[in-house]
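What follows is each chain in one-letter form.
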Amino acid sequence: MTFKQVVWKMAKVHYKKYLLYLVCNSFVVMFFFMFSTLYFNKQIEQVKKLESLDYVLNVPAIALIVFMIFFITYAHGTFIKRRKSEFGLFITLGMTNRDISKLLLLENAIIAFLSIVIGLLSGGVFSRLFFLLLMNSVGLEEIAFQLNSKMLYFPIITFIIIYFFAIGKSLYLILNRNLIQSLKSNKVAESIKLKSPKLGVFGLILIIGSVLGLFITYIGPHAGEFLYIWFTITTVGLYLCLSQFMSFFIELAKQNNEFFYRQLLLLTSIDYKFKQFTSILMMVTMMIMITILYSTIILTTYTLNEKEVLNQNPFDIAFLQPETKDNLSIGEFDAVLNNKENPVQKHIVIPLYSYYDKTYDGWYNLYNIMTVDHFNALTSREVILQGREYLHYLNVEPEYAGDANEDILEWTIPSRKGNITYSLKKSIIESNINSLLGVSDFIIVSNSEFEFLKANVHGFASNLHLINVVSWKETTKAVKGLEERYNNEKTPSIVDVRGKNVSQENPFKIASKIGGHYRNIHSNGMLFFVMTFLSIIFFFGSFILVYLNLFSEIDKEQVKYQKLYNIGITATEVKRMISREMKIIFFISTLAGMGLAFLYVISMANDVGGVIRNPEILWQFFSISGIYLIIQIGFYLYTRRKMFSHLSQGK
């Protein structure tokens with residue numbers, strides 16, 4: 001029998017090893033390709049440039065590459081680890097190191113080729129489906145699914161670089177092992193040198209200290225400056241805690257001899273696995289933490305900004321119509337705005353008279369003058385002004401007024417009849433007009449004074465239109481109709497005082513709820529889409545890492561439990577033991593990741609007033625965590641059933 005025949009027979013017998021390894025690598029290529037369809041989408045690139053959102057895709061791209069480096073390296077290491085004894089056997093049959101190298105390179109080249117083909121094909125199908133589902137869910141239907149050469153080059157080249165780096169590392173380690181080490185690789189347990197419960201306690205102190213530090217420093221404009229430092233300390237503390245968790249727990253268990261000796265087998269087995277797979281457990285924990293933390297942050301930001309859009313726009317549509325141009329009648333407005341499915345419910349027209357006052361430093365202040373009757377109709381007040389009294393009305397939320405709410409007791413305005421002075425009766429700060437319209441500072445005077453100023457002050461008149469319809473979400477067509485009707489290129493130039501103080505390209509502006517909604521979608525909606533995509537990758541990646549962790553040494557587990565059967569332990573007791581082990585391994589990372597995410601959410605919420613002021617943050621966190629936990633339980637039940645099936649075969 002030739003070497004090729006021996007290798008082929010062993011490959012057929014152990015095909016599941018190759019199949020699992022192929023699936024893992026195909027998984028990597030598929031998600032690289034799916035992310036590329038997003039990253040190199042030309043329409044999304046345009047949105048990035050317009051909205052300055054490069055970091056939205058660059059940071060997740062870096063995170064994805066780091067995760068895939070770890071994932072490919074670990075999957076390849078697990079595959080090679082299960083075949084070291086085979087390589088030792090091949091050497092005893094006469095193979096040289098050169099033959100082993102050729103074999104390893106050949107079979108990995110075939111697996112790499114198949115992984116790329118399968119990954120690209122499955123990625124093409126799932127990316128289109130995933131793209132359409134998520135884009136529609138955040139309202140980005142106008143961004144179409146695309147394919148181009150960059151989307152192919154990026155996943156293929158990145159995968160090949162990482163993949164063959166892992167192969168080179170494996171070749172070096174295999175060729176530097178002697179024959180005895182290779183043959184005994186499946187019979188020798190990995191040595192666990194460090195056992196120090198005190199070190200685990202120190203790790204817990206590091207985690208607590210880093211979270212407290214984040215809580216204290218994550219406030220104000222420089223909130224994020226120390227985030228990476230605290231995150232690094234948390235990571236170090238987590239590694240120490242996970243590596244020594246069971247050692248610490250065993251020391252506590254020894255205080256109760258009855259409990260300790262009854263659970264001795266379980267405790268020692270879990271302690272060995274925790275120390276053996278500390279880096280994997282830490283990686284999974286951090287992936288779960290990042291997934292839940294950033295999903296909560298992005299979803300909260302998206303929903304809060306959507307709420308802010310409504311707060312900033314009391315009216316569904318608002319715009320200023322210059323009186324000297326584009327003068328449509330109410331009937332003509334209704335022709336543009338009204339439709340049977342979404343009729344206009346309220347249409348308020350407020351005449352304004354505005355003028356520019358040059359300041360001492362060469363800048364101009366814009367004053368918008370409104371009659372008290374129109375102000376009362378707008379705010380549902382009953383203010384009375386006599387003579388030359390005026391109200392100072394600031395159209396902002398009180399907490400955002402800042403220095404602008406300082407009272408000016410007298411207001412002087414130049415006119416054709418000399419300077420005229422008005423005395424302040426009252427200042428009012430509240431939001432009643434769409435803030436993005438750009439008019440926030442108003443002078444309120446009596447009806448007669450308004451007509452006097454209009455006749456004697458060098459300014460310009462305009463009409464403020466405030467409109468409500470049945471459903472603001474159905475106003476896209478109406479807003480576009482107004483924008484087309486008031487296209488500045490089709491209307492005559494402004495010839496009054498504004499020509500010196502305002503760009504001709506910006507005389508007409510619409511502030512609408514639907515416009516704010518789309519701005520939120522193009523910024524936070526894009527970020528929400530990317531983080532959802534990355535969260536799904538991390539979620540499945542963390543599950544596969546745990547799955548590989550549990551099944552990488554299934555042969556050893558079969559031998560161990562066979563020996564337990566031989567000394568009289570029943571199948572029911574073995575299943576109970578397996579369930580306990582898997583629960584701890586499966587959920588310790590999940591619960592630790594959720595716990596860290598919760599602490600980070602609490603700390604980072606300080607920058608927006610805390611969770612007490614923003615309870616929706618906790619609602620988003622618990623919703624995402626609950627969904628994550630339910631799916632994780634489903635994966636646990638599936639994995640446990642598979643484990644029972646594998647171990648029963650070795651009985």
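Residues numbered from 1 in each chain as written. Predicted model: local features only at pLDDT ≥ 70, side-chain atom pairs only at ≥ 80, totals over all residues. Heavy atoms only, no water.

1. Observations concerning the overall build of the protein
Okay, step 1: Of regular secondary structure, the protein possesses 21 helices and nine strands.
Okay, step 2: When burial is assessed residue by residue, the protein has 49% of its 651 residues classed as buried.
Okay, step 3: For the protein, long-range pairs separated by at least 24 residues make up 84% of all intrachain contacts whose partners lie at least 6 apart in sequence.
Okay, step 4: Only carbon and sulfur atoms are counted for the fraction: they give 62% of the accessible area of the protein, which is about 32800 Å². (Helix = DSSP H or I, 4+ residues; strand = E, 2+ residues; numbered from the N terminus. Buried < 20%, exposed > 50% of the residue type's maximum accessible area, 1.4 Å probe, protein only. Contact = heavy atoms within 4.5 Å. Areas by Shrake-Rupley, 256 points an atom, 1.4 Å probe, with all protein chains shown as cover.)

2. Let's talk about a nonpolar patch on the surface
Okay, step 1: A contiguous nonpolar surface patch, about 650 Å² in accessible area, is contributed by Leu106, Ile110, Phe113, Leu114, Val117, Ile118 and Leu121.
Okay, step 2: With respect to the secondary-structure elements, Leu114 resides in helix α6 (residues 97–137). (Patch = residues over 30% accessible without salt bridge, like charges linked within 9 Å, V, L, I, M, F, W, Y side chains within 5 Å. Salt bridge = Lys/Arg side-chain N within 4 Å of Asp/Glu carboxyl O.)

3. Side note on helix α10 (residues 227–253)
Okay, step 1: An ideal rise of 1.5 Å per residue puts 39 Å on 27 residues; α10 measures up with 37 Å between its terminal C-alpha atoms.
Okay, step 2: When the local axis directions of α10 are compared, the greatest deviation, roughly 50 degrees, occurs at Gln244. (Expected span 1.5 Å × (residues − 1). Bend = angle between axes of the 7 residues up to and from the residue.)

4. A short note on the nonpolar core
Okay, step 1: Core analysis: the largest hydrophobic core is formed by 116 residues, its most contacted members being Phe67, Leu545 and Tyr600.
Okay, step 2: If one sorts the elements of this core by residue count, helix α18 (residues 513–551) sits on top with 17 residues.
Okay, step 3: With near-sequence residues (within four places) excluded, Phe67 lies in contact with Met283, Met287, Ile537, Phe538, Gly541 and Leu545.
Okay, step 4: Within the second largest apolar cluster, 22 residues are counted, among which are Ala318, Val372, Val439 and Ile444. (Core = buried A, V, L, I, M, F, W, Y, C linked by side-chain atoms within 4.5 Å.)

5. A closer look at the environment of Thr37
Okay, step 1: Along the chain, Thr37 falls in helix α2 (residues 15–39).
Okay, step 2: Taking the C-alpha atoms as reference points, Thr37 and Asn148, 111 residues apart in sequence, are found 8.3 Å from one another.
Okay, step 3: When neighbours within four sequence positions are excluded, Thr37 is seen to be in contact with Ser127, Phe131, Phe145, Leu147 and Met151.
Okay, step 4: Engagement of the side chain of Thr37 in a polar contact is seen with the backbone oxygen of Met34, the distance being 2.5 Å. (Polar contact = N/O pair within 3.5 Å; in protein donor to acceptor, adjacent residues only side chain to side chain.)

6. Description of the environment of Lys473
Okay, step 1: Looking at the secondary structure, you find Lys473 in the loop between β8 (460–469) and α17 (476–485).
Okay, step 2: In the structure, Lys473 is positioned 157 residues away from Asp316 in sequence and 8.9 Å away in space, judged by C-alpha atoms.

7. Some words on the side chain of Gln620
Okay, step 1: Following the sequence through the fold, Gln620 ends up in helix α21 (residues 616–649).
Okay, step 2: For Gln620, the contacting residues outside a window of four places in its chain are Thr296, Leu299, Thr300 and Thr303.

8. Focus: the pairing of strand β6 (residues 418–429)
In summary, the side chains of a regular strand alternate between the two faces of the sheet.
Okay, step 1: One ladder, built from six bridges, connects strand β4 (residues 389–394) with β6; its direction is parallel. Of the residues in β6, the one forming a bridge with Leu394 is Ile429.
Okay, step 2: Relative to β6, strand β5 (residues 410–415) is paired through six bridges, and the arrangement is antiparallel. The partner of Trp411 across the bridge, within β6, is Tyr422. (Pairing = 2+ DSSP bridges.)

9. Re the pattern of salt bridges
Okay, step 1: Counted under the stated rule, the structure contains three salt bridges.
Okay, step 2: Lys513 is the partner of Asp316 in a salt bridge, and the nearest nitrogen-oxygen pair spans 3.1 Å. With Asp316 in the loop between α13 (278–312) and β1 (317–322) and Lys513 in helix α18, this pair connects stretches of sequence that are 197 residues apart.
Okay, step 3: A residue is classified by how much of its surface remains accessible, and Asp316, at 4% relative accessible area, is buried.

10. Quick look at the packing of aromatic side chains
Okay, step 1: According to the stated counting rule, one finds 17 aromatic pairs in the structure shown.
Okay, step 2: Aromatic pair Tyr355 and Tyr367: ring centres 5.5 Å apart, planes at 20 degrees, arrangement stacked. Here Tyr355, found in strand β2 (residues 344–358), pairs with Tyr367, found in strand β3 (residues 364–371); they are 12 residues apart in sequence, far enough to count as distant. Across the pair, exposure class does not vary: Tyr355 and Tyr367 are buried alike.
Okay, step 3: Ring geometry for Phe375 against Tyr393: centres 5.2 Å apart, planes inclined by 65 degrees, an arrangement best described as edge-to-face. Taken together, the positions of Phe375 in helix α15 (residues 372–379) and Tyr393 in strand β4 put the pair 18 residues apart, joining distant regions of the chain.
Okay, step 4: Residue class for Phe375 comes out buried when judged on its relative accessible area of 0%. (Phe/Tyr/Trp six-rings, centres within 6.5 Å; stacked < 30°, edge-to-face > 60°.)

11. Focus on unusual backbone geometry
Okay, step 1: Here the phi dihedral of Ser380 falls at roughly 60 degrees; this positive angle occurs in a residue that is not glycine.
Okay, step 2: On the secondary structure map, Ser380 appears in the loop between α15 and β4.

12. Looking at helix α20 (residues 571–604)
Okay, step 1: With 34 residues, α20 extends 49 Å between its outermost C-alpha atoms, agreeing within 8% with the 50 Å of an ideal straight helix rising 1.5 Å per residue.
Okay, step 2: A maximum bend of about 35 degrees is found in α20 at Phe587.

13. Description of the side chain of His465
Okay, step 1: Mapped onto the elements, His465 comes out in strand β8.
Okay, step 2: Residue classification places His465 among the buried residues on the basis of a relative accessible area of 2%.
Okay, step 3: A polar atom in the side chain of His465 sits 2.9 Å from the side chain of His347.

14. Considering the packing of helix α9 (residues 197–217) against α20
Okay, step 1: Where α9 meets α20, the axes come as close as 8 Å, and the angle between the chain directions of the two elements is 25 degrees. On the basis of the axis angle, α9 is roughly parallel to α20. In the crossing of α9 with α20, the sense of the turn from one axis to the other is right-handed. In this structure, α9 uses Ile207, Val211, Leu214 and Phe215 to contact α20, whose residues at the interface are Leu596, Leu599, Tyr600, Ile602, Ser603 and Met604.
Okay, step 2: Among the residues forming the contact of α9 with α20, the class breakdown is nine nonpolar, one polar and no charged. (Axes fitted to C-alpha atoms, helices over the stretch in contact; angles between N-to-C directions. Parallel < 35°, antiparallel > 145°, perpendicular 65-115°, else oblique. Left-handed = near helix turned anticlockwise from the far one by under 90°. Nonpolar A, V, L, I, M, F, W, Y, C, P; charged D, E, K, R; others polar.)

15. Some thoughts on the packing of α13 against α20
Between two packed helices, both the angle of their axes relative to each other and the distance between the axes serve to describe the pair.
Okay, step 1: As a packed pair, α13 and α20 sit with axes 8 Å apart at the nearest point and diverge in direction by 40 degrees. With respect to their mutual orientation, α13 and α20 come out oblique. Helix-helix and strand crossings are classified by hand; for α13 and α20 the assignment is right-handed. Contacts between α13 and α20 involve Leu281, Val284, Thr285, Ile288, Met289, Ile292, Leu293, Thr296 and Ile297 on the former and, on the latter, Ile585, Ser589, Thr590, Ala592, Gly593, Met594, Leu596, Ala597, Tyr600, Val601 and Met604.
Okay, step 2: Residues of the contact of α13 with α20, tallied by class, amount to 15 nonpolar, five polar and no charged.

16. Quick notes on the confidence of the model for the protein
Okay, step 1: Taken over all residues, the pLDDT of the protein has a mean of 76, while the share at 70 or more is 76%.
Okay, step 2: Mean pLDDT values over the elements of the protein span from 44, in helix α8 (residues 179–183), up to 92, in α15.
Okay, step 3: The low-confidence segment residues 179–192, where pLDDT is below 50, has 27 contacts with residues more than four positions distant or belonging to other chains.
Okay, step 4: A low-confidence stretch, residues 501–506 stays under pLDDT 50, and its non-local contacts, those more than four residues away or across chains, total nine contacts. (pLDDT = per-residue confidence, 0-100.)

17. A look at the environment of Thr278
Okay, step 1: Relative to the helices and strands, Thr278 resides in helix α13.
Okay, step 2: By relative accessible area, Thr278 is classed as buried at 3%.
Okay, step 3: Through-space distance from the C-alpha of Thr278 to that of Ser243 is 5.5 Å; in sequence the pair is 35 residues apart.
Okay, step 4: For Thr278, the contacting residues outside a window of four places in its chain are Tyr239, Leu242 and Ser243.

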